[in-house]
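# Coordinate analysis (summary)
What follows is the residue order along each chain.
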Amino acid sequence: MKLYKSLMMTVVAAAALTSCSDKGYWEPYEIEETQYSFAQAKQSFSLSADDALSSVTVTVYRSSEGAEVTIPVNVAVTDPNVMGVEESTITFADGSNTAEFEVLVNEANIVMGTTYTAQISFVVDSVNFTENSYSVSGNKTHTISVVKDYTWVSAGQVYMASNWAGAYAYVKVENAKEYNANGNKLYRLMSPYYYLEPSYCPKPGAHIQFVLDAEANAVALTPTFQAIGEAASAGGEWYFYWNPNAAYCSFTNEGNVYTMKGAWAYTDAAGNASLYDYATELFQWVEGWPGAQ
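Summary of the structure given here. (Residues numbered from 1 in each chain as written. Predicted model: local features only at pLDDT ≥ 70, side-chain atom pairs only at ≥ 80, totals over all residues. Heavy atoms only, no water.)

It is worth spelling out the sheet that holds strand β4 (residues 69-77) at this point. Reading across from one edge, β2-β9-β8-β4-β6 is the order of the five strands in this open sheet, with mixed pairing throughout. Sheet topology places β2 (42-47) and β6 (89-92) at the edges, where each strand pairs with a single neighbour. Neighbour-to-neighbour, the strand axes of the sheet open up by a mean angle of 20°, direction not taken into account. (Pairing = 2+ DSSP bridges. Helix = DSSP H or I, 4+ residues; strand = E, 2+ residues; numbered from the N terminus. Axes fitted to C-alpha atoms, helices over the stretch in contact; angles between N-to-C directions.)

Turning our attention to the side chain of Thr-259. When you line up the elements, Thr-259 lands in strand β18 (residues 257-268). Accessibility expressed as a relative area gives 16% for Thr-259, which makes it buried. (Buried < 20%, exposed > 50% of the residue type's maximum accessible area, 1.4 Å probe, protein only.)

Before going further, it helps to spend a moment on the packing of aromatic side chains. Counted under the stated rule, the structure contains 28 aromatic pairs. Relative to Trp-264, the ring of Tyr-193 has its centre 6.1 Å away and its plane inclined at 85°; by these criteria the two rings are edge-to-face. One end of the pair, Tyr-193, is in helix α2 (residues 192-196); the other, Trp-264, is in strand β18, with 71 residues separating them in the sequence. What makes Tyr-193 buried here is its relative accessible area of 1%. With a relative accessible area of 3%, Trp-264 lands in the buried category. Here Tyr-248 and Tyr-278 contribute two aromatic rings whose centre-to-centre distance is 5.5 Å and whose plane-to-plane angle is 65°, an arrangement assigned as edge-to-face. Placement of Tyr-248 in the loop between β16 (235-241) and β17 (250-254) and of Tyr-278 in strand β19 (residues 273-287) is noted, with a sequence separation of 30 residues between them. Exposure remark for Tyr-278: the relative accessible area of 58% places this residue in the exposed category. Ring-pair connections join several aromatic residues into one group, and the members of that group are Trp-164, Tyr-193, Trp-238, Phe-240, Trp-264, Tyr-266 and Tyr-276. (Phe/Tyr/Trp six-rings, centres within 6.5 Å; stacked < 30°, edge-to-face > 60°.)

What follows is about the pairing of β4. Where β4 and β6 come together, four bridges link them in antiparallel fashion. Paired with Val-69 across the bridge in β6 is Phe-92.

Okay, the pattern of salt bridges next. All chains considered together, the criterion is met by two salt bridges. When the shortest N-O distance is used, the salt bridge between Lys-148 and Glu-107 registers 2.4 Å. One end of the pair, Lys-148, is in strand β9 (residues 141-148); the other, Glu-107, is in the loop between β7 (98-105) and β8 (115-122), with 41 residues separating them in the sequence. For Lys-148, a relative accessible area of 6% puts it in the buried group. Residue Arg-188 pairs with Glu-174 through a salt bridge whose shortest N-O separation is 2.8 Å. Of this pair, Arg-188 sits in strand β12 (residues 185-189) while Glu-174 sits in strand β11 (residues 167-176), and the two are 14 residues apart along the sequence. Accessibility assignment for this pair places Arg-188 and Glu-174 in one class, buried. (Salt bridge = Lys/Arg side-chain N within 4 Å of Asp/Glu carboxyl O.)

This part covers the sheet that holds strand β5 (residues 83-84). In spatial order, the strands read β1-β3-β7-β5; together these four strands make up an open sheet with antiparallel pairing. The open sheet terminates on both sides in strands that have one partner only, identified here as β1 (36-38) and β5. Taken together, the two bridges between β5 and β7 define a ladder with antiparallel strand orientation. Paired with Met-83 across the bridge in β7 is Val-105.

Turning our attention to unusual backbone geometry. The phi angle of most residues is negative, glycine excepted, and most peptide bonds adopt the trans form. Note that the residue after Thr-222, namely Pro-223, is joined by a cis bond; omega there is 5°. Take Pro-223: it is sitting in the loop between β14 (218-221) and β15 (225-231). We note that Ser-126 has phi near 65°; this positive angle belongs to a residue other than glycine. Checked against the element boundaries, Ser-126 lands in the loop between β8 and β9. Relative accessible area serves as the criterion here: at 60%, Ser-126 is assigned to the exposed category. One non-glycine residue with positive phi stands out, namely Asn-182, at about 55°. In this structure, Asn-182 sits in the loop between β11 and β12.

The subject of this paragraph is the layout of surface pockets. Empty space within the largest pocket amounts to approximately 520 Å³. Forming the boundary of the largest pocket are 18 residues, of which Gly-113, Val-147, Asp-149, Gln-209 and Pro-223 lie nearest the centre. Broken down by secondary-structure element, the contributors of at least two residues to the lining of the largest pocket are β12 and β15. Considered class by class, the residues forming the lining of the largest pocket number eight nonpolar, eight polar and two charged. (1 Å grid on protein atoms, 1.4 Å probe; cavity = no way out; pocket = protein on both sides within 12 Å on 5 of 7 lines; lining within 4 Å. Points joined across faces, edges and corners; volume = space filled by probe spheres on them. Nonpolar A, V, L, I, M, F, W, Y, C, P; charged D, E, K, R; others polar.)

Attention now moves to the side chain of Glu-281. Within the fold, Glu-281 resides in strand β19. One buried charged residue, Glu-281, forms no salt bridge at all, with the nearest opposite charge on Lys-261 at 11 Å. Non-local contacts of Glu-281, meaning those with residues more than four positions away in its chain, are made with Met-160, Ala-161, Ser-162, Asn-163, Trp-164, Tyr-193, Phe-240, Tyr-258, Thr-259, Met-260 and Trp-264. (Lys, Arg positive; Asp, Glu negative; His and termini not counted. Contact = heavy atoms within 4.5 Å.)

This is the structure in structure tokens:
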């Protein structure tokens, strides 16, 4: 009896499903209102010392060629002295499904080597833009990043001994041509962990920057957190952390042999940083040492 009842319920349920619509089970998706999206999720600009950039154009799409409409946007910038907008709105012309939005860049206020960002996002105002106005498959935000880097020139190479990697490797060095802070000069070790442990740092690009005085003596490591190009298990990255105010941090040299003491740090997927352990890395400048000049 229980088996008979179960079979009957299955038959009735199947009949109900097949009778839901004359068009079949899959109903076509119909957009009930205009939807918007950014043409790109991001734009990145890596400028040389001589490059100029006064503005960045952001393209926005809408799903229909309707009447003229102005929608609100939010623009979040890391430094309002470098990036900003004249109006926090985007206007679509009558009959157009594309609009352009300008983000202004004040190049005079850019600090060399610093990355600046601006994120543009739609604002729900319940008038021209509602929760249903987001494109289902499009970009909801647009991020602009701008960095003006120094002109880096070859400065020889070092032989590096890494406690972190448990390895030794020759590493190229470069000097920032435009940097001169009271006679101090800026250098960088070129992708050291790509050469020290390529199985954990599979591609070049993560450099370690440091400052020397006019006599090639150690001054500082900068910036405070420097990515080493290795992924952390928490979904973030590994960093070399150096802070002049921390007792365990130092940067010293005896002739052409330099010692960097700091801490290893890592971030999680959200970018939150945590310190892991003490760090000690050494290198001997074997070619092109500025102290020999």
